[in-house]
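# A closer look at the structure
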Amino acid sequence: MNVLVYLENIEGKFKKSTYEVVSYAAAIAKQTGGTLTAVSIGNVAESTLAEIGKYGATKILTIQQDNLNSFVNQAYASLIAKAANSVNATVVVLSNTFTGKGLAPRVAVKLNAGLVDGALELPTFDGTNMTVKRGAFSGKAFANVNLTSAIKVITLSPNAYQINDLGTSASIEAFSETANANDFKT
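Residues numbered from 1 in each chain as written. Predicted model: local features only at pLDDT ≥ 70, side-chain atom pairs only at ≥ 80, totals over all residues. Heavy atoms only, no water.

### Observations concerning helix α1 (residues 16-32)
- With 17 residues, α1 should reach 24 Å at 1.5 Å per residue; the first-to-last C-alpha distance of 25 Å fits that figure.
- Of all 17 residues that make up α1, 14 are buried, and the element is covered over most of its length.
- Positive phi appears at G33, one or two residues downstream of α1, with a value of about 75°. (Helix = DSSP H or I, 4+ residues; strand = E, 2+ residues; numbered from the N terminus. Expected span 1.5 Å × (residues − 1). Buried < 20%, exposed > 50% of the residue type's maximum accessible area, 1.4 Å probe, protein only.)

### Description of the pattern of salt bridges
- Inspection of every chain in the model, using the stated rule, returns four salt bridges.
- Taking the shortest distance from any N to any O, the salt bridge between R134 and D117 comes out at 3.1 Å. Of the two residues, R134 is situated in strand β9 (residues 130-136) and D117 in strand β7 (residues 114-119); the sequence distance between them amounts to 17 residues.
- Given the relative accessible area of 36%, D117 is considered partly exposed. (Salt bridge = Lys/Arg side-chain N within 4 Å of Asp/Glu carboxyl O.)

### Comments concerning the packing of aromatic side chains
- Enumeration over the complete set of coordinates arrives at five aromatic pairs.
- An angle of 90° between the planes, with centres 6.2 Å apart, marks the rings of F14 and Y19 as edge-to-face.
- Note on F14: relative accessible area 11%, which makes it buried.
- Overall, the relative accessible area of 13% leaves Y19 in the buried class.
- Between Y24 and Y161, the ring centres sit 5.4 Å apart and the planes meet at 80°, which makes this aromatic pair edge-to-face. With a gap of 137 residues between them, Y24 in helix α1 and Y161 in the loop between β11 (152-156) and β12 (171-174) connect regions that are remote in the sequence. (Phe/Tyr/Trp six-rings, centres within 6.5 Å; stacked < 30°, edge-to-face > 60°.)

### Some points on helix α3 (residues 73-86)
- End to end, α3 covers 20 Å across 14 residues, agreeing with the expected 20 Å (1.5 Å per residue, within 8%).
- On its buried face, α3 sits against β1 (2-7), β4 (36-41), β5 (59-63), β6 (89-95) and α4 (98-111). (Contact = heavy atoms within 4.5 Å.)

### Side note on the packing of α3 against α4
- Put simply, α3 and α4 touch, their axes get as near as 9 Å, and they point 50° apart. Considering their axes alone, α3 and α4 lie oblique with respect to each other. The two elements α3 and α4 meet at a crossing, and its hand is right-handed. Of α4, the residues touching α3 (which contributes N73, Q74, Y76, A77, S78, I80, A81, A84 and N85) are T99, G102, L103, R106, V107, K110 and L111.
- Residues belonging to the contact of α3 with α4 are distributed by class as follows: eight nonpolar, six polar and two charged. (Axes fitted to C-alpha atoms, helices over the stretch in contact; angles between N-to-C directions. Parallel < 35°, antiparallel > 145°, perpendicular 65-115°, else oblique. Left-handed = near helix turned anticlockwise from the far one by under 90°. Nonpolar A, V, L, I, M, F, W, Y, C, P; charged D, E, K, R; others polar.)

### As for the pairing of β6
- Taking burial as the measure, the seven residues of β6 include six buried ones, the bulk of the element.
- With four bridges connecting them, β1 and β6 associate as parallel partners. By the bridge assignment for β6, V5 is matched with V93.
- When β6 meets β11, the two strands line up parallel, connected through five bridges. (Pairing = 2+ DSSP bridges.)

### Let's talk about unusual backbone geometry
- The phi torsion at N88 lies on the positive side, around 55°, for a residue other than glycine.
- Among the residues examined, N88 registers a relative accessible area of 59% and is labelled exposed.

### Let's talk about the nonpolar core
- The biggest cluster of nonpolar side chains holds 32 residues, and the ones touching the most others in it are V5, L7, Y24, L36, I52, V93 and I154.
- At the level of secondary structure, the elements contributing two or more residues to this core comprise β1, α1, β4, α2 (46-52), β6, β7, β9 and β11.
- If one sorts the elements of this core by residue count, α1 sits on top with nine residues.
- Not counting residues within four places of it along the chain, the set of residues in contact with V93 comprises V3, L4, V5, Y6, V21, Y24, A25, I28 and I154.
- Membership of the second largest hydrophobic core comes to 29 residues, among which are L4, I63, Y76 and A81. (Core = buried A, V, L, I, M, F, W, Y, C linked by side-chain atoms within 4.5 Å.)

Rendered as structure tokens:
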């Protein structure tokens, strides 16, 4: 299963949760025998993007357009879905931050995917389905959610997975897809 991870940035810099989600997505790709591609939207320096390769991404798709410098849920979700389709990703991983919580449901709808938010550990995989452990009842309990859809969208809770520097590298490619004008309407 190929995996796509969204690299959330703030003014061109990655937070700790971004490195956690890349490490998590790399572990899923390894577990399922797929590859990990990352997608970055916004102006991020190439040296900062290249650093993501150390955590398991083999390719980084970068989208740098003037109309995407400010976060727009629908436009970002459209581009993430297009990136997922372009690399035949069957798992899409985002951080369970404010941004990720806004993007994940939209991406799931665009990909006709199952969604689990707030994952707490690496999912179990039986060859087709994934079972993801997430918090429930304000963190007082846990739920194991079985994803049976062909495409799966998972958001990882911050501080739920350790950052793993694998010492690998990634190629960086410009992603030429654009969002529709309707994606920018409020």
